[in-house]
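For reference, the chains in residue letters:
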Amino acid sequence: MFTAETYLARRAKLCEKVGQGLMLFVGNIDIACNYKDNTYHFRQDSTFLYLFGLQVAGIAATLDAETGEATLYMDELTMDDIIWMGPQPSVYDQAAKAGVSKVLPTSKLSSVIAANINREIHFVPTYHGVTTMRIAELLGKSTKEIESGASVKLIKALVSMREIKEKCEIDELRKHMAAGREMHMAAMTMAHEGRTEAEIMAMVSRMSLKNGGPVSFPTICTVHGETLHNHGYPNTLKNGQLLLVDAGSESPLCYATDHTRTSPVGGKFTDQQKEIYQIVLDANNAVAAACEPGLTYKEVHLMACRVIAGGLKELGIMKGDMDEAVMEGAHALFMPHGIGHMLGLDVHDMESYNEVLVGYDDEIQKSTQFGLASLRLGKRLREGFVVTDEPGIYFIPALIDKWKAEGIHKDFINFDALDAYRSFGGIRLEDDLLITRHGCENLGERIPIEIEDVEKEVNNNRFNNI
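Because the structure is predicted, anything quoted here is derived from the model rather than measured.

On to the pattern of salt bridges. Following the criterion strictly, the structure yields 27 salt bridges and no others. The partner of R382 in a salt bridge is E163, with the nearest N and O atoms 3.1 Å apart. Here R382 is found in the loop between α14 (355-359) and β11 (386-389), whereas its partner E163 is found in the loop between α8 (152-162) and α9 (167-189), with 219 residues between them in sequence. What makes R382 partly exposed here is its relative accessible area of 41%. For E163, a relative accessible area of 5% translates into the label buried. As a salt-bridge pair, R428 and D246 come within 3.0 Å of each other at their nearest N and O atoms. Of this pair, R428 sits in strand β13 (residues 426-428) while D246 sits in strand β9 (residues 242-247); the two residues are 182 residues apart in sequence, bridging distant segments of the chain.

Summed over the entire model, instances satisfying the criterion amount to four cavities of 30 Å³ or more. One number sums up the size of the largest cavity: a volume of about 120 Å³. What lines the largest cavity is a set of 14 residues, and nearest its centre among them are V26, D45, V124, P125 and T131. Those elements that place two or more of their residues in the lining of the largest cavity are β1 (22-26) and α6 (129-139).

Two aromatic rings are characterised by how far apart their centres lie and by the angle between their planes. Counted by the stated rule, this structure contains 10 aromatic pairs. Both rings, one in F370 and one in W403, keep their centres 6.0 Å apart while their planes meet at 65 degrees; by these two values the pair is edge-to-face. Here F370 is found in the loop between α14 and β11, whereas its partner W403 is found in helix α15 (residues 397-406), with 33 residues between them in sequence. Cluster of aromatic residues (ring-pair linked, three or more members): F334, F395, Y421 and F424. Directly above the ring of Y50 sits R162, whose terminal nitrogen or CZ lies 5.8 Å from the centroid.

What follows covers the sheet that holds strand β15 (residues 440-442). Reading across from one edge, β11-β14-β15 is the order of the three strands in this open sheet, with antiparallel pairing throughout. In this open sheet, the two edge strands, each paired with only one partner strand, are β11 and β15. Taken pair by pair, the neighbouring strands of this sheet meet at an average axis angle of 35 degrees, ignoring direction. Bridge analysis of β11 against strand β14 (residues 431-435) gives four bridges, and the strand direction is antiparallel. Counted as the bridge partner of D389 is D431 from β14.

What counts as what
- Residues numbered from 1 in each chain as written.
- Predicted model: local features only at pLDDT ≥ 70, side-chain atom pairs only at ≥ 80, totals over all residues.
- Heavy atoms only, no water.
- Salt bridge = Lys/Arg side-chain N within 4 Å of Asp/Glu carboxyl O.
- Helix = DSSP H or I, 4+ residues; strand = E, 2+ residues; numbered from the N terminus.
- Buried < 20%, exposed > 50% of the residue type's maximum accessible area, 1.4 Å probe, protein only.
- 1 Å grid on protein atoms, 1.4 Å probe; cavity = no way out; pocket = protein on both sides within 12 Å on 5 of 7 lines; lining within 4 Å.
- Points joined across faces, edges and corners; volume = space filled by probe spheres on them.
- Phe/Tyr/Trp six-rings, centres within 6.5 Å; stacked < 30°, edge-to-face > 60°.
- Lys NZ or Arg CZ within 6 Å of the ring centre and 35° of its normal.
- Pairing = 2+ DSSP bridges.
- Axes fitted to C-alpha atoms, helices over the stretch in contact; angles between N-to-C directions.

Purely geometric numbers; function is a separate question.
Right, here's the structure in full:
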């Protein structure tokens, strides 16, 4: 946990922003995997972590926006709990770490809510059905009312706070980037014929766990990088393929890393692979060079798209005016996603609240254009933002066939040239950037990314006997 003063300051600031009413925060519970006592890995709700820091299942809290009083609802462990879990700090000791002096049994929460039922009660959107049902029961409403009734005022207040990372958060992120680097370098050295995606995924998970936490999201480890979120691991690697690994680690305080690297199986890129890889790398570097406070991430996204379109035109894959091509969305055949998203306690930070409320504002509206509609973050960058920088180029046969058959953007795409790329796959390169006063910095030591450095790392066989 951070210091008690950190959580006290956050809650005081939140009360000031919300102004009126009672805020209700329901922590996560243990979720059964296949029977009651066999549960999934417990991970506390990120909002609860941000405001209270406690990794305890089944707890809740209220925060009075008018008085600033915080109350935790926790139960002391039973002897049975101690037998199975060992001695644990008392509820008062745990509350003190969060800067909370008032603790009530969880059974008292319903009466507290009932006593305040005529006040405005704020809560954030839910993502677990059990949490939805618990809040519905407390408030005497239907689950549908809870699903649509989250407090926009509370969401906007939390977004305005969480999007600017405090020094303690930046230190935690920066420190844990070493875990993400180790994960990806291990994956690179295992990119050899005969290895399986499952073996490499297991090594990535191992590296994360030994550095203090599980992976921060389901690892993407695939020789079919053209599938953007490929979470299966059935394939055995063959020389000449590309291995795309999109993976992150969760720190002991639950902050996420998120990187992607694409490596040549066998240790040598083909000339065709080098050409596409270099375009993606140029776009990645251009984003890092451009990012600074005041620039919208939508502008950064479109700039990266122009780099990609320009590179593809040089290869004869695209044609015409590339500024116009990007404006019309023709490049999205090859990059149908956004350039990045916020990063923090969640790998897509705060997106459980509402993607539009997190990534957009009154000035910058979310687009409906294919490709650009997938940009999660479009608003102006501010000092203290942590964002991902993840351009990519993908050759998706089904999408190519659809566009060709329907003549979509035929003035900008040389469809005949794409026959040579149908089995190419995809390349994505992702770094984590901290927006600073005058620009940005790559958090942690950069994972090898230049063509020669990646080839060298693949040929480092230190994991080959594992």
